[in-house]
Amino acid sequence: MLKKGWPLALIAFLIAGCGEGSGPIAKGDAKRAEPKTVAVAKQDIVGYEFFDGELMTPPDAQAVITSPYDTRVEEVVSAVGNPVNRGETLIKLQIPGVDSAKANAKAGAASAEAAYEAERAQVSQPLRDARKHLEEARANEKAGRDAAAAGETVDLEALTVERKAAESEVARLQAEVNATLQPSKSAVRAAQTDLELAKEAEEKGILRSPIGGYIVAMDAKPGLDAKAKQVLATVVNPSQLRVKGKVPPEMKDMVKEGTDVVVTMVGAEKPLLGRVLSVSVLPPVGDSGTSPGYEAVIRFRDIKGAISPSKVTGIGVKTGTADDVLVVPVGAIHNKDGEKYVEVKRGNDWVSTPVETGLSDGALIEVKMGLKEGDMVRFFPETE
């Protein structure tokens with residue numbers, strides 16, 4: 001059942017076989033793993049009726065990060081299940097000498113800038129004095145003009161000559177300072193260029209996530225000799241993932257826009273919550289002109305945790321609830337001659353025991369008759 005507090009899983013999807021355009025998931029696709037055992041227990045359950053579906057992964061919902069060339073993986077910054085932002089570093093590749101080159105370039109840039117600032121401080125004092133004198137000359141000229149306008153006798157020509165001489169001196173000293181500092185400026189620009197080149201070289205070895213989402217696969221490991229175009233990591237944005245369901249005609253009134261559903265997936269320990277975005281009529285098949293049903297597009301409502309489901313095994317619509325009933329994993333039920341059975345441990349043997357089932361939430365199923373609380377049953381979890 002879907003009790004409050006159950007940790008619904010993050011879709012850390014292993015995308016192989018799940019991309020857009022993949023065909024419907026056949027019932028026989030899932031393989032049986034090694035059997036597990038569990039004690040029959042009582043709990044509340046919410047029942048669902050299920051229909052088939054498939055996972056759709058739009059291109060902008062998935063990013064595959066590959067090595068740009070043959071090189072060794074130096075560092076893996078993140079891991080499967082971790083959330084990542086767009087542009088966040090995932091992997092650092094080895095570029096021989098790039099670290100020392102960047103360190104040397106940084107030191108060279110700092111040294112060149114320090115030398116430039118020291119020289120500028122030394123040669124700029126006369127220029128600063130000349131600029132101060134120019135300010136005074138301009139102020140004197142203005143004051144003289146104001147005095148002349150007030151009727152006073154002032155030698156304006158002398159004041160103007162002094163201002164022009166001060167301007168010429170500033171221009172001369174500025175040109176002299178520029179010429180003196182030119183080699184230092186050129187050295188700073190060259191050092192900055194070296195640093196930018198070192199950073200560009202470092203960037204070639206840094207693989208970043210082109211989208212925000214979760215890391216669902218990380219094949220890179222420190223020391224791995226990666227080949228050009230080798231896939232090193234996969235990131236999925238779960239908010240962009242969709243499930244396409246094939247709704248049979250008899251379930252038409254149960255599946256509508258806005259209907260809450262659960263999605264069961266191979267490898268997921270618990271069903272995932274979803275909501276129907278749209279429902280449309282499927283085109284007729286064959287000459288009958290009869291539609292096989294409806295197509296529902298579903299988005300995930302809540303994706304947390306860290307598991308790796310890959311294929312949709314069913315989409316469930318709520319049909320009812322039952323309180324304090326016996327439940328077993330769905331994988332414990334097997335059919336034989338139209339009857340349902342569960343393998344129950346009796347002593348050292350496993351005995352196939354007929355049961356009557358009730359509601360199911362896709363992970364658990366109600367057992368109305370045939371078992372008692374505490375019985376040990378064997379079940380087969382589905383895997384790829």
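Description of the structure in this document. Given the structure is predicted, the values throughout are model-derived calculations rather than measurements.

1. Looking at the overall build of the protein
Item 1. The helix and strand tally for the protein stands at 3 helices and 23 strands.
Item 2. Going through the 384 residues of the protein one by one, you find that 38% of them count as buried.
Item 3. Taking contacts inside the protein between residues at least 6 apart in sequence as the whole, the part at least 24 apart equals 77%.
Item 4. Put simply, the protein shows about 21,100 Å² of open surface, and 50% of that area lies on carbon and sulfur atoms.

2. Details of unusual backbone geometry
Item 1. For Asp324, which is not glycine, the phi torsion reads 50° and is therefore positive.
Item 2. Its place among the elements puts Asp324 in strand S16 (residues 312–329).
Item 3. Positioned with a positive phi, Asp337 is a non-glycine residue whose angle comes to about 55°.
Item 4. Given a relative accessible area of 73%, Asp337 falls into the exposed group.

3. Quick word on the sheet that holds strand S5 (residues 71–76)
Item 1. Read across the sheet, 4 strands follow the order S8-S7-S5-S10 without closing on themselves; strand pairing throughout is antiparallel. Two strands in the sheet have a free side with no partner beyond their single neighbour: strand S8 (206–208) and strand S10 (225–226).
Item 2. Across 2 bridges, the pairing between S5 and S10 is antiparallel. Opposite Arg72, over in S10, you have Asp225 as the bridge partner.

4. A look at the packing of aromatic side chains
Item 1. This model, assessed by the stated rule, comprises 1 aromatic pair.
Item 2. Seen from their ring centres, Tyr48 and Phe50 are 6.4 Å apart, and the 55° between their planes marks the pair as tilted.
Item 3. For Tyr48, a relative accessible area of 14% puts it in the buried group.
Item 4. Since its relative accessible area comes to 30%, Phe50 is described here as partly exposed.

5. Here's the deal with the pattern of salt bridges
Item 1. Scanning all chains against the criterion turns up 17 salt bridges.
Item 2. Residues Lys92 and Glu75 are paired through a salt bridge, measuring 3.9 Å at the closest nitrogen-oxygen approach. Of this pair, Lys92 sits in strand S7 (residues 89–93) while Glu75 sits in strand S5; the two residues are 17 residues apart in sequence, bridging distant segments of the chain.
Item 3. A residue is classified by how much of its surface remains accessible, and Lys92, at 30% relative accessible area, is partly exposed.
Item 4. We note a salt bridge from Arg138 to Glu167, for which the minimum N-O separation is 3.2 Å.

6. With respect to helix H2 (residues 125–149)
Item 1. Compared with an ideal rise of 1.5 Å per residue, which puts 25 residues at 36 Å, H2 spans 36 Å between its outermost C-alpha atoms and is within 8% of the ideal.
Item 2. Buried within H2 are the following residues: Leu127, Ala130, Leu134, Ala137, Glu141, Gly144 and Ala147.
Item 3. Phi turns positive, to about 100°, at Gly151, one or two residues after H2.

7. Digging into the pairing of strand S13 (residues 260–265)
Item 1. With 5 of 6 residues buried, S13 is to be regarded as a mostly interior element.
Item 2. As paired elements, S13 and strand S14 (residues 272–281) share 4 bridges and run antiparallel to each other. When the bridges of S14 are listed, Asp260 appears paired with Arg275.

8. Some points on the side chain of Ser360
Item 1. Within the secondary structure, Ser360 sits in strand S20 (residues 356–360).
Item 2. One polar contact links the side chain of Ser360 to the main-chain carbonyl oxygen of Leu364, over a distance of 3.0 Å.
Item 3. Beyond its immediate sequence surroundings of up to four residues, Ser360 is in contact with Ile45, Val46, Gly47, Tyr48, Phe50, Val330 and Ile365.

9. Overview of the side chain of Ser184
Item 1. By secondary structure assignment, the location of Ser184 is in helix H3 (residues 156–204).
Item 2. Once residues lying within four places of it in the same chain are set aside, the contact partners of Ser184 are Tyr116 and Glu119.

10. So, the sheet that holds strand S11 (residues 231–236)
Item 1. Taken together, the 4 strands give an open sheet; going across it, the order is S4-S11-S9-S6, and neighbouring strands pair in antiparallel fashion. The sheet is open, and its two edges are formed by strand S4 (62–66) and strand S6 (83–84), each paired on a single side.
Item 2. Judged from the 2 bridges that link them, S6 and strand S9 (residues 213–218) form a sheet pairing that is antiparallel. Pairing of Pro83 across the sheet is with Tyr214, part of S9.

11. A word on the environment of Ile211
Item 1. Tracing the chain through its elements places Ile211 in the loop between S8 and S9.
Item 2. A residue is classified by how much of its surface remains accessible, and Ile211, at 16% relative accessible area, is buried.
Item 3. Between the C-alpha atom of Ile211 and that of Val84, which follows or precedes it by 127 residues, the distance is 8.1 Å.
Item 4. When residues no more than four places from it in sequence are discounted, the contact partners of Ile211 are Asp60, Ala61, Gln62, Ala63, Val84, Asn85, Arg86, Val235 and Asn237.

Here is what the cut-offs are and how they apply
Residues numbered from 1 in each chain as written. Predicted model: local features only at pLDDT ≥ 70, side-chain atom pairs only at ≥ 80, totals over all residues. Heavy atoms only, no water. Helix = DSSP H or I, 4+ residues; strand = E, 2+ residues; numbered from the N terminus. Buried < 20%, exposed > 50% of the residue type's maximum accessible area, 1.4 Å probe, protein only. Contact = heavy atoms within 4.5 Å. Areas by Shrake-Rupley, 256 points an atom, 1.4 Å probe, with all protein chains shown as cover. Pairing = 2+ DSSP bridges. Phe/Tyr/Trp six-rings, centres within 6.5 Å; stacked < 30°, edge-to-face > 60°. Salt bridge = Lys/Arg side-chain N within 4 Å of Asp/Glu carboxyl O. Expected span 1.5 Å × (residues − 1). Polar contact = N/O pair within 3.5 Å; in protein donor to acceptor, adjacent residues only side chain to side chain.

Purely geometric stuff here, so don't read any function into it on its own.
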